[in-house]
Amino acid sequence: MTFKDHFSSYAADYRENRPQYPPKLFRYLTSLVPQHEKVWDCATGNGQAAVGLSDHFKEVMATDASADQISNGTPRLNISYGVASAESSGLEDHSIDLVTVAQALHWLDTGKFYQEVRRVSKKHGVMAVWCYDLLSVSPEVDALINRFYRETMRKYWFRERYHIETGYSSLPFPFERVAAPALSMSTSWDLAAITGYLRTWSAVHNYMEREGNDPLDLIESDLESVWGNPEEVKRVIWPLSITVGKVH
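Procedures and definitions
- Residues numbered from 1 in each chain as written.
- Predicted model: local features only at pLDDT ≥ 70, side-chain atom pairs only at ≥ 80, totals over all residues.
- Heavy atoms only, no water.
- Buried < 20%, exposed > 50% of the residue type's maximum accessible area, 1.4 Å probe, protein only.
- Helix = DSSP H or I, 4+ residues; strand = E, 2+ residues; numbered from the N terminus.
- Pairing = 2+ DSSP bridges.
- Phe/Tyr/Trp six-rings, centres within 6.5 Å; stacked < 30°, edge-to-face > 60°.
- Lys NZ or Arg CZ within 6 Å of the ring centre and 35° of its normal.
- Salt bridge = Lys/Arg side-chain N within 4 Å of Asp/Glu carboxyl O.
- Core = buried A, V, L, I, M, F, W, Y, C linked by side-chain atoms within 4.5 Å.
- Axes fitted to C-alpha atoms, helices over the stretch in contact; angles between N-to-C directions.
- Parallel < 35°, antiparallel > 145°, perpendicular 65-115°, else oblique.
- Left-handed = near helix turned anticlockwise from the far one by under 90°.
- Contact = heavy atoms within 4.5 Å.
- Nonpolar A, V, L, I, M, F, W, Y, C, P; charged D, E, K, R; others polar.

Along any regular strand the residues' side chains alternate between the sheet's two faces. Strand E5 (residues 121-132) sits mainly inside the fold: 10 of its 12 residues count as buried. Of the strand pairs in this sheet, strand E4 (residues 96-102) and E5 are connected by six bridges, and their pairing is parallel. When the sheet's bridge partners are listed, valine 101 is paired in E5 with valine 129. For E5 and strand E8 (residues 234-246), the ladder comprises seven bridges, and the chain directions are antiparallel. Its bridge partner lying in E8, valine 129 is registered against threonine 243.

Laid out in structure tokens, this is it:
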């Protein structure tokens, strides 16, 4: 399985237009490990999870196979960004307290990656992965975006998207599972922020490459109609699907 680079061409947009993970998530993950020396955020992208983890761990090793994503990583004194594959991190044996993968496990060769997780994890190491599917704003907005997702974008999604829709329950996870709390991401966005987020969808970029135009033009007027005042800020929520396990 080779690295599937679907996001490097718009790494900066991804950094600016994706929601942030809740602080409660990182406090929970920190509580699972006895030591807080070093965490590996694999497939870090632009470092959204790495930044949250940096408040709780002495050192964050944030790796991604995409040099463009790494170059857009949010800097922190205790975050070390590096270009590396999930299956060959270059990290020392048994050096990591916690391994995390945010919204990216479905792109990895899980068999080889899990071998790497076992190699780098300490005796009491923990593995945590999470993902989020469709956003929720209001019944009217949700219905329009859901139709755009399931009908207009249907044939432009990569097949790995299925694992997001099932909350990673369709992927193997060979570690002793730990119960995780029900958490969600939330933010307050206006209409421009919503459309900026939709343009980070891999299916939207796939559509643009194949069809030569922006699919958001197909729903722009309807979205404006159901939103109302485009400058009005609305609450946006994404439920998180969290899977956690003890590595050894």
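Moving on to the packing of aromatic side chains. Evaluated as defined, the whole model comprises 19 aromatic pairs. Among the aromatic residues, those joined into a cluster by ring pairs are Tyr21, Phe26, Trp130, Tyr132, Phe148, Tyr149, Trp157, Trp189, Tyr197, Trp201 and Trp238. The positively charged end of arginine 161 is found above the aromatic ring belonging to tryptophan 157, 4.6 Å away from the centroid. Directly above the ring of tryptophan 227 sits lysine 234, whose terminal nitrogen or CZ lies 5.2 Å from the centroid.

Glancing now at the pattern of salt bridges. The tally for this structure, following the rule as stated, stands at seven salt bridges. A salt bridge links arginine 119 to aspartate 93; its shortest N-O distance comes to 2.5 Å. Placement of the pair is arginine 119 in helix H5 (residues 110-120) and aspartate 93 in the loop between strand E3 (79-83) and E4, with a sequence separation of 26 residues. Taking relative accessible area as the criterion, arginine 119 reaches 27% and is therefore assigned partly exposed. Close ionic contact of glutamate 116 with arginine 119 constitutes a salt bridge, the shortest N to O distance being 2.7 Å. Here arginine 119 and glutamate 116 lie together in helix H5, a separation of three residues that amounts to about one turn. When salt bridges that share partners are traced, they join Asp93, Glu116 and Arg119 into one network.

Counting 53 residues, the largest nonpolar core has Tyr21, Trp130, Ile194 and Trp201 as its most contacted members. Core analysis: the second largest hydrophobic core is formed by 26 residues, Ala43, Ile96, Trp107 and Cys131 among them.

What follows is about the packing of helix H6 (residues 139-152) against helix H10 (residues 220-227). Viewed as axis vectors pointing N to C, H6 and H10 meet at an angle of 165°, and their least axial separation amounts to 9 Å. Accordingly, the angle class assigned to the pair H6 and H10 is roughly antiparallel. Like other packed secondary-structure pairs, H6 and H10 cross with a definite hand, here left-handed. Judged by residue contacts, Glu140, Val141 and Leu144 of H6 engage Asp222, Leu223, Val226 and Trp227 from H10. Looking at the contact of H6 with H10, its residues break down into five nonpolar, no polar and two charged.

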